[in-house]
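Descriptive analysis of the structure
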Amino acid sequence: MEHPENCEDYKGLTVNAGIEQPSSVNPYLKERRKIRKRELTVCEFVDGIVKGDITILSQAVTLIESVKPEHHAIAQQVIEKCLPYSGNSIRVGISGVPGAGKSTSIDVFGLHVLEKYEGKLAVLAIDPSSERSKGSILGDKTRMEKLSVHPKSFIRPSPSAGSLGGVARKTRETIILCEAAGFDKIFVETVGVGQSETAVHSMVDFFLLIQLAGTGDELQGIKRGIMEMADGIVINKADGDNLDRAKLAASQFRNALHLFPTPDSGWEPQVLTYSGFYNLGVKEIWDMIYKYIDFVKDNGYFEYRRNEQSKYWMYESINEWLRNSFYQNPKIESLMAEKEQMVLQGKLTSFAAAKDLLDIYFKGLSDNSYT
Ligand code: GDP
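Residues numbered from 1 in each chain as written. Predicted model: local features only at pLDDT ≥ 70, side-chain atom pairs only at ≥ 80, totals over all residues. Heavy atoms only, no water.

When helices and strands are tallied, the protein shows 14 helices and 7 strands. Split into buried and exposed, the 371 residues of the protein put 43% on the buried side. If you take every contact in the protein between residues at least 6 apart in sequence, the share linking residues at least 24 apart comes to 75%. Element-wise, carbon and sulfur atoms account for 55% of the exposed surface of the protein, whose accessible area totals about 21300 Å². (Helix = DSSP H or I, 4+ residues; strand = E, 2+ residues; numbered from the N terminus. Buried < 20%, exposed > 50% of the residue type's maximum accessible area, 1.4 Å probe, protein only. Contact = heavy atoms within 4.5 Å. Areas by Shrake-Rupley, 256 points an atom, 1.4 Å probe, with all protein chains shown as cover.)

Structure follows, in structure tokens:
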């Protein structure tokens with residue numbers, strides 16, 4: 001049966017539309033969020049960084065680490081504008097195998113330099129394994145308990161995406177921003193397992209290698225190349241029962257270093273023992289580092305090495321760009337698996353496959369078919 005209320009002539013009470021449910025999202029809050037989320041302009045980034053604003057510095061570092069091309073473009077402009085404010089720092093690379101005591105030591109080293117020399121300290125990291133392990137442990141705040149709550153420190157874990165070259169480039173660019181923000185001491189931490197030392201060495205003034213004693217043949221596991229890079233080798237955990245072994249290891253390292261030619265800097269690398277955990281011998285390490293800095297500033301090597309590093313990074317950037325441009329090229333990507341199969345099946349030599357792909361890539365470039 002028809003309802004009387006539905007009839008047009010019905011004069012009784014009518015039902016109005018219900019009161020609309022208000023949106024669960026506070027519109028003002030939304031507006032505020034929009035403002036907060038608004039991307040800063042290049043000038044705002046640079047102003048904030050130069051004023052030492054840590055939040056803005058962190059946001060700028062996030063841009064450097066981003067894989068989005070639009071972020072990359074802004075980051076590059078920010079870095080360029082920060083360059084004139086950068087360079088005025090002491091950059092120290094700190095390397096050692098996992099368990100050598102890097103984080104314990106950096107916590108103690110950091111507090112020492114902040115106390116003794118004032119200024120501000122940034123701790124950065126290069127960990128090429130971080131992509132695989134989904135998140136880096138190096139440069140992690142939780143591992144540096146005291147430093148992480150110090151008002152004059154800035155700790156940033158390793159960028160996690162990309163090749164070692166890419167990760168290292170991002171750390172190097174982060175150094176520039178940190179320096180522009182007034183950080184006059186920069187530590188770059190890395191795991192002592194191979195290639196990453198070379199990357200760190202290419203961006204620091206002093207390379208400190210943390211070693212452990214105890215096995216009796218400390219020198220065997222360590223690559224000659226890494227020892228040659230070191231401006232100072234420090235044997236950690238020189239405490240308790242381990243003290244004598246640490247001293248023995250130190251003398252073995254000293255003897256080994258004598259066999260190497262004097263480095264270009266003219267500085268004879270030193271070997272010291274210390275205990276990060278008990279804060280013993282830490283002052284001596286920093287006295288050594290500052291002595292080195294004075295030494296190389298006097299003989300001109302400091303300036304020379306920084307220039308060499310800039311040159312190195314120019315070439316590294318070219319290599320990285322070329323590599324990405326090639327491997328991320330859609331045409332190359334679509335052909336890669338096929339060529340790989342042909343090589344595996346013995347239908348094409350590795351060299352011929354590489355040449356085919358490169359020819360296709362360069363032809364595309366000259367036809368201007370890639371944007
Ligand atoms: P990382 O992996 O190189 O960062 O090493 P950690 O700083 O995490 O240290 C590894 C372990 O060694 C931890 O259990 C520390 O407590 C211990 N450790 C670090 N420094 C010292 C030290 O000077 N003496 C002693 N006895 N143990 C230490």
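This part covers the pattern of salt bridges. Tallying each qualifying case throughout the model produces 13 salt bridges. In this structure, the salt-bridge partner of Arg156 is Glu65, at a minimum N-O distance of 3.2 Å. Of this pair, Arg156 sits in the loop between strand S3 (153-155) and helix H7 (164-180) while Glu65 sits in helix H3 (residues 54-65), and the two are 91 residues apart along the sequence. We classify Arg156 as buried; its relative accessible area is 15%. (Salt bridge = Lys/Arg side-chain N within 4 Å of Asp/Glu carboxyl O.)

Another point: helix H5 (residues 102-117). With 16 residues, H5 ought to run about 22 Å at 1.5 Å a step, and its terminal C-alpha atoms sit 21 Å apart, in line with that. Of the residues flanking the end of H5, it is Glu118, one or two places downstream, whose phi is positive at about 55°. (Expected span 1.5 Å × (residues − 1).)

Turning to unusual backbone geometry, a few remarks are in order. Positive phi values are uncommon outside glycine, yet Lys237 reaches one of about 65°. Looking at where Lys237 falls in the secondary structure, it is placed in the loop between strand S6 (232-236) and helix H10 (243-258). Residue Asn279 is not a glycine yet carries a positive backbone phi of 55°. Relative to the helices and strands, Asn279 is located in the loop between strand S7 (270-273) and helix H11 (282-299).

Attention shifts here to the site of the ligand. By nearness alone, 15 residues border the ligand, and Lys102, Thr104, Arg143, Lys237 and Asp239 come closest of all. A distance of 3.0 Å separates an oxygen atom of the ligand from a polar atom in the backbone of Gly101. The contact in question runs from an oxygen atom of the ligand to an N or O atom on the side chain of Asn236, over 3.1 Å. With the chains in place, 70% of the 580 Å² that the ligand exposes on its own is no longer accessible. (Near = heavy atom within 4 Å. Polar contact = N/O pair within 3.5 Å; in protein donor to acceptor, adjacent residues only side chain to side chain.)

Taken in spatial order, the 7 strands of this open sheet run S3-S2-S4-S1-S5-S6-S7, and their pairing is parallel. What marks the edges here is a single partner per strand, and that holds for S3 and S7. Pairwise comparison of adjacent strand axes, ignoring direction, gives a mean angle of 20° for this sheet. Strand direction decides the pairing type here: strand S1 (residues 90-96) and strand S4 (residues 185-191), joined by 7 bridges, are parallel. Across the sheet, the residue bridging to Ile94 is Glu189, located in S4. Set on the sheet, H10 makes contact with strand S5 (206-212), S6 and S7; between it and S7 the angle comes to about 175°. (Pairing = 2+ DSSP bridges. Axes fitted to C-alpha atoms, helices over the stretch in contact; angles between N-to-C directions.)

Here the focus is the pairing of S7. Of the strand pairs in this sheet, S6 and S7 are connected by 4 bridges, and their pairing is parallel. Bridged to Ile233 within S7 is Val271. Taken together, S6, H10 and S7 constitute a β-α-β crossover, and its handedness is right-handed. (Right-handed = clockwise from strand over helix to strand, strands pointing away.)

All right, on to the pairing of S4 then. Burial within S4 is extensive, with 7 of its 7 residues counted as buried. Along S4, one buried face is formed by Lys185, Phe187, Glu189 and Val191 and the opposite face, lined by Ile186, Val188 and Thr190, is buried too. Pairing geometry for strand S2 (residues 121-126) and S4, over 6 bridges, is parallel. Across the sheet, the residue bridging to Leu121 is Lys185, located in S4.

Moving on, we get to the nonpolar core. Ranked by size, the top nonpolar core spans 52 residues in total, and within it Ile49, Leu57, Leu177, Ile233 and Ile235 carry the most contacts. Here this core gets 7 residues from one element, more than from any other, and that element is H7. In terms of domain composition, this core takes at least three residues from each of domain 1 (37-84) and domain 2 (86-299). Among residues more than four places away in sequence, those in contact with Ile235 are Gln211, Leu212, Ala213, Ala246, Ala249, Ala250, Phe253, Val271, Leu272, Thr273 and Tyr274. Counting residues in hydrophobic clusters, the runner-up holds 33 residues, among them Ile94, Ile106, Leu147 and Val282. (Core = buried A, V, L, I, M, F, W, Y, C linked by side-chain atoms within 4.5 Å. Domains from an automatic or database assignment.)

Moving on to the packing of H7 against helix H12 (residues 301-327). When two helices pack together, you describe them by how their axes are tilted relative to each other and by the distance separating the axes. Axis separation between H7 and H12 bottoms out at 11 Å; the angle between their running directions is 135°. Taken together, the axis directions place H7 and H12 in an arrangement best described as oblique. Judged by the sense of rotation from one axis to the other, the crossing of H7 with H12 is left-handed. Contacts between H7 and H12 involve Gly165, Gly166, Ala168, Arg169, Arg172 and Glu179 from the first element and Arg306, Gln309, Ser310, Trp313, Glu316, Ser317 and Glu320 from the second. When grouped by side-chain class, the residues that make up the contact of H7 with H12 number 2 nonpolar, 5 polar and 6 charged. (Parallel < 35°, antiparallel > 145°, perpendicular 65-115°, else oblique. Left-handed = near helix turned anticlockwise from the far one by under 90°. Nonpolar A, V, L, I, M, F, W, Y, C, P; charged D, E, K, R; others polar.)

Residue placement: Pro84 occurs in the loop between helix H4 (69-82) and S1. In this structure the C-alpha to C-alpha distance between Pro84 and Ala180, which are 96 residues apart in sequence, comes to 8.0 Å.

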